[in-house]
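Examining the three-dimensional arrangement
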Amino acid sequence: MPLYDCVLLFKPTVDRKSVVNLMSTLGRLIYAHKGVITDIKSFGNIFLAYTIKKHSERFDEGQMMQMTVMSYPNLHKDLQYLNKEHAVLRWILVKNRGDSWLPREENNEGPADQYDA
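Taking an unreviewed UniProt entry as the reference, the protein is identified by name as Ribosomal protein S6 belonging to Adiantum capillus-veneris. The Sequence similarities (unreviewed entry) field of the UniProt record for the protein holds the comment "Belongs to the bacterial ribosomal protein bS6 family."

This is the structure we're talking about:
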């Protein structure tokens, strides 16, 4: 099963209990389909790069959560219900590539050191 990151952006006015309930619902959905949750991160309230308009409201900030899961490839189809959640501003599911795309360190040099001439 591939590793995915599900990032959710909640309205800033949503209380912590509602966020936890929605995340636990998402977790139960993943477990029901033989998936595994490997990590959950909260980034707290963040300012957005642009204003998001949803349900005739405008938002310049939101609460960001990330859930890393190992699940079946068609998980995105089961997450479409998140579009109807009033507490969720945006969500995205991306395949986790790990750190294999980062430049490799050779001879204890950092990524910035390899470009010095």
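Let's shift gears to the overall build of the protein. Across its full length, the protein carries two helices and four strands. Going through the 117 residues of the protein one by one, you find that 30% of them count as buried. Considering only residue pairs separated by 6 or more positions, the protein has 72% of its internal contacts joining residues 24 or more positions apart. Working note: accessible area of the protein is about 8000 Å², and carbon and sulfur atoms make up 53% of it.

Calculation criteria
- Residues numbered from 1 in each chain as written.
- Predicted model: local features only at pLDDT ≥ 70, side-chain atom pairs only at ≥ 80, totals over all residues.
- Heavy atoms only, no water.
- UniProt positions renumbered as here; feature names shortened; annotations may be inferred.
- Helix = DSSP H or I, 4+ residues; strand = E, 2+ residues; numbered from the N terminus.
- Buried < 20%, exposed > 50% of the residue type's maximum accessible area, 1.4 Å probe, protein only.
- Contact = heavy atoms within 4.5 Å.
- Areas by Shrake-Rupley, 256 points an atom, 1.4 Å probe, with all protein chains shown as cover.

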